[in-house]
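A structural walkthrough
Okay, here's what each chain looks like letter by letter:
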Amino acid sequence: MRSRLGLPEVVSIGLVAVLFAVLLAQVVLRPFGLGFVWAEEFAAFAFIALVFFSMAAAHHRGEHMSVEAFQEWAAPRLSPRTRRVWRAGLLVVELLFLVLLSIGLGQMAVQTWGSFAGSLSGFRYGWLYLGVLAAAAISVVALATQLVAEIRRAPEGSYS
Amino acid sequence: MTVALGLVGLLVLLALRVPVAAALGVVALAAVVVEDGIANAPVIAAQSMVNGVNSFVLIAAPFFMLAGEIMNQGGLTRRIYRLAHALVGWIPGGLGQVNVAGSMFFAGMTGSAISDAVGLGTMEIKAMNEAGYEPKFSAAITSASSLLGPIIPPSVPMVIYGAVAGASIGSLFLAGVVPGILMGGALMVTVAIYARRGHCPREPKPTSTELRESLLGAMPSLLIPLFVVGGIYAGLFTPTEAAVAACAYAIVLATFYRELSWAELSRLVVRIVMATGALFYIVAATALLGFVVTRSGVMIEVALWLGSEITSPTLLLLIIVVLYLLVGLFMEPIAAMLLLVPILLPGVKLLGIDLVHFGIVTVLSLCIGLLTPPVGLILYTVARIANIRADVLAVAVLPFLLPIVLVLLAIVFVPDLALGLPRLLGSLSAS
């Protein structure tokens, strides 16, 4: 695991801290009649952002779950060139998916720009989609970087 | 036809090692493109995926995982192990019994099997190996007892099931108590039987001072399950707030014990961020797939077919258990749950099966897959900790799977084993 924190990690840690603080304050203050009306909606939005930024962080570090049984069986039987094509293909598949998702997030940001959240006064839904779009874009960049590295890698590189 | 093609496509992508979330997303997006065209597909994908994680309840999952990590790092787990050692170390099975009892206590504080296997498991395997136990036995009982984590409340898979199925998480937590105790008891009996044949040195009986000290040492940690389950039941807080409160309490205790620095806490948060990203990317992608499956009408077809072919709720649950056990061989439990529960739910409701009962059966059946190759996360994690081969562990864990499956069958045939406690406490109405 990499030791230096990237942007998605920092944002995610910040979101965990904010969620923790708001929800704990809600628990502590509620018995005194001082609970926040907006806490639940705010927490739900912050969690959506956390999910997508932590997704980007996991892309950065290559920590997404996959089924490795077939690959472990097949990889040693393939030539180094085929293995490289395989690895590059995996990245292309996920990149295509994330690019389409990013386009959709952008469209949703535009479509929902005029809608406002219920208890969070002044909060546009478009901002939520823009935040998620930023996270998805970071994932796209991370995967594209890995794809370029894969293409440039020496063909005799061992499978990992 | 589209659903069958999608399923084949999904299996191919998974086999090729496309990450689970991306594989689910690609298959679902392809189906949306076919139905709605390339122009509309991205918006549908974005909306479905964001809505899929727009849930206040789901926030509980990462915080329960974080609480477990803090307990492992902050010395709470060690104190629980000491208490378990004093309570049951002297009975036949020695440290094997300590292993199970420790997991039962620990399960009441965290909600995941992996947290138990990595935190408590590392400590247990080391102690058992030093005492002369066979490494494969130490690893096998550690793997099996870690399944108590998602059964005894709180439980991360139950939180996710509750969000997907619309079942009360408080009731699910209460419903997990008796099955968890039964599982622990069944594993302890298995260890005792093993002790009659194998090498299981007994530990000396603790003195009353040792017992008192270990109890006092672990007491603050043992309050966590009481206030989590009790707090939710009493309506003091929601499951999400309970998870945050458990984290805060664990931080206070670990700081008091002087076993948690800021640097360690931030390292734990980074670990939870990674787990959140990996897990909830799957949840979001499954929401998109759920949209496709719902619109295809396959759920109604499955429900109608089940309703016409199967009239016994018990038979339906047995068929579902077999399906879960087979799927659990190849898929991570939460991903499998997100995929299958929405499809099975209409049929389950049609036959009048209680959603809380179905939830306990679902969580336990799918979590058994954590111990079975080729995709047994606990199997590989514990094998690495114990420094033995995963295939050796897969065989060694078999005798411990039997009592777990027996408990599962008992829950299927006697719903009151799960539903009795929530009904007794008024959390569920009697049917």
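None of the values given here were measured: they were computed from a predicted structure.

Regarding its fold elements, chain B presents 21 helices and 0 strands. Taken over C-alpha atoms, the radius of gyration comes to 22 Å for chain B, in line with the 22 Å a tight globule of 431 residues would show. Expressed along its principal axes, the backbone C-alpha trace of chain B runs to roughly 70 × 45 × 45 Å. Going through the 431 residues of chain B one by one, you find that 59% of them count as buried. In chain B, the share of contacts with a sequence separation of at least 24, taken over all contacts with a separation of at least 6, comes to 78%. Side chains of chain B give 19 positive and 19 negative charges; the mean places of these two sets differ by 9 Å.

Further remarks concern the overall build of chain A. Across its full length, chain A carries 5 helices and 0 strands. When the helices and strands of chain A are listed from N to C terminus, the series reads α-α-α-α-α. Computed over the C-alpha atoms, the radius of gyration of chain A is 20 Å, more than 25% above the 15 Å expected from 2.2 N^0.38 for a compact globule of 160 residues. Considered along the principal axes of its C-alpha atoms, chain A spans approximately 65 × 35 × 25 Å. Within chain A, the fraction of its 160 residues that count as buried is 46%. The long-range share in chain A, meaning contacts at least 24 apart out of those at least 6 apart in sequence, stands at 72%. When the accessible surface of chain A is summed, it comes to about 7,900 Å², and 68% of that surface belongs to carbon and sulfur atoms. The positive charge centre, built from 12 side chains, and the negative charge centre, built from 9, are 8 Å apart in chain A.

Quick look at the confidence of the model for chain B now. Residue and element names in this part refer to chain B. With 99% of its residues at a pLDDT of 70 or more, chain B has an overall mean of 89. Within chain B, helix H20 (residues 398–413) carries the highest mean pLDDT (97), whereas helix H14 (residues 298–309) carries the lowest (78). Across the interfaces of the predicted complex, the ipTM metric reaches 0.91, alongside a pTM of 0.84.

This part takes up the interface of chain A and chain B. In many reports, interface size means the accessible area that the parts give up when they come together. At the interface, 55 residues of chain A touch 54 residues of chain B. Taking both sides of the interface into account, the surface hidden between chain A and chain B amounts to around 4,800 Å²; carbon and sulfur atoms contribute 81%. Connecting chain A to chain B are 1 salt bridge. Taking the shortest distance from any N to any O, the salt bridge between B:Glu241 and A:Arg30 comes out at 2.4 Å. Counting every contact that joins chain A to chain B gives 5 residue pairs in polar contact (both at pLDDT 80 or more). Contributing elements (two or more residues each) for the side of chain A that touches chain B: helix H1 (7–29), helix H2 (39–61), helix H3 (69–74), helix H4 (80–111) and helix H5 (125–152) of chain A. Across the side of chain A that touches chain B, the residue classes tally to 37 nonpolar, 11 polar and 7 charged.

Right, let's talk about the layout of surface pockets for a bit. Volume-wise, the largest pocket comes out at about 1,600 Å³. Along the wall of the largest pocket there are 44 residues; nearest its centre are A:Glu63, A:Met65, B:Ile114, B:Leu377 and B:Thr381. Looking at the lining of the largest pocket, the elements with two or more residues in it are H3 of chain A together with helix H4 (60–73), helix H7 (113–130), helix H9 (156–165), helix H13 (262–296), helix H16 (333–350) and helix H18 (377–386) of chain B. In this structure, the second largest pocket occupies an estimated 920 Å³ of space. If you trace the second largest pocket, you find 33 residues lining it, with B:Gly6, B:Leu7, B:Leu10, B:Leu11 and B:Leu339 closest to the centre. Those elements giving two or more residues to the lining of the second largest pocket turn out to be H3 of chain A together with helix H1 (2–15), helix H2 (20–36), H13, H14, helix H15 (313–330) and H16 of chain B. A total of 9 residues in the lining of the second largest pocket trace back to one element, the largest contributor, which is H1(B). Taken together, the residues of the lining of the second largest pocket sort by class into 31 nonpolar, 2 polar and no charged.

Turning next to empty space enclosed by the protein. This model, assessed by the stated rule, comprises 1 cavity of 30 Å³ or more. Of the pockets and cavities examined, the largest cavity occupies roughly 40 Å³. In terms of lining residues, the largest cavity is bounded by A:Val16, A:Leu19, A:Leu50, B:Pro62, B:Phe63, B:Leu66, B:Ile272 and B:Thr276. Breaking the lining of the largest cavity down by element, the ones donating at least two residues are H1 of chain A together with H4 and H13 of chain B. The leading source of residues in the lining of the largest cavity is H4(B), at 3 residues.

Turning next to the nonpolar core. Residues A:Phe52, B:Phe63, B:Ile70, B:Tyr161, B:Phe280 and B:Phe358 are the most contacted members of the largest nonpolar core, which totals 218 residues. The element that contributes the greatest number of residues to this core is H13(B), accounting for 18 residues. Among residues more than four places away in sequence, those in contact with B:Ile70 are B:Cys247, B:Ala250, B:Ile251, B:Ala254, B:Leu260, B:Leu265 and B:Leu268.

Another aspect to go through is the packing of H15(B) against H16(B). Residues and elements named next belong to chain B. With their axes 12 Å apart at the nearest point, H15 and H16 run at an angle of 165 degrees to one another. Taken together, the axes of H15 and H16 are roughly antiparallel relative to one another. Pair H15 / H16 crosses with right-handed handedness. For the pair H15 and H16, contact is made by Leu316, Ile320, Leu323, Tyr324 and Val327 and by Ala336, Leu340, Val341, Leu344, Gly347 and Val348, respectively.

Residue position: A:Ser54 is located in helix H2. Linking A:Ser54 and A:Ile13, residues 41 residues apart in sequence, is a C-alpha distance of 8.8 Å. Every residue in contact with A:Ser54, bar those within four places of it in the chain, is listed here: A:Ser12, B:Val273, B:Thr276 and B:Gly277.

A few words now on the pattern of salt bridges. Residue and element names in this part refer to chain B. Under the counting rule described, the total for this entry stands at 10 salt bridges over all chains. Across the salt bridge formed by Arg389 and Asp391, the nearest N and O atoms sit 2.6 Å from each other. A relative accessible area of 55% places Arg389 in the exposed class. Among the charged side chains, a salt-bridge network with shared partners connects Arg78, Arg79 and Glu259.

Each value, and the rule that gives it
- Residues numbered from 1 in each chain as written.
- Chains lettered and ligands numbered in written order.
- Predicted model: local features only at pLDDT ≥ 70, side-chain atom pairs only at ≥ 80, totals over all residues.
- Heavy atoms only, no water.
- Helix = DSSP H or I, 4+ residues; strand = E, 2+ residues; numbered from the N terminus.
- Rg over C-alpha atoms; globule rule 2.2 N^0.38 Å.
- Buried < 20%, exposed > 50% of the residue type's maximum accessible area, 1.4 Å probe, protein only.
- Contact = heavy atoms within 4.5 Å.
- Lys, Arg positive; Asp, Glu negative; His and termini not counted.
- Charge placed at Lys NZ, Arg CZ, Asp CG, Glu CD.
- Areas by Shrake-Rupley, 256 points an atom, 1.4 Å probe, with all protein chains shown as cover.
- pLDDT = per-residue confidence, 0-100.
- Buried area = accessible area lost by both parts, 1.4 Å probe.
- Salt bridge = Lys/Arg side-chain N within 4 Å of Asp/Glu carboxyl O.
- Polar contact = N/O pair within 3.5 Å; in protein donor to acceptor, adjacent residues only side chain to side chain.
- Nonpolar A, V, L, I, M, F, W, Y, C, P; charged D, E, K, R; others polar.
- 1 Å grid on protein atoms, 1.4 Å probe; cavity = no way out; pocket = protein on both sides within 12 Å on 5 of 7 lines; lining within 4 Å.
- Points joined across faces, edges and corners; volume = space filled by probe spheres on them.
- Core = buried A, V, L, I, M, F, W, Y, C linked by side-chain atoms within 4.5 Å.
- Axes fitted to C-alpha atoms, helices over the stretch in contact; angles between N-to-C directions.
- Parallel < 35°, antiparallel > 145°, perpendicular 65-115°, else oblique.
- Left-handed = near helix turned anticlockwise from the far one by under 90°.

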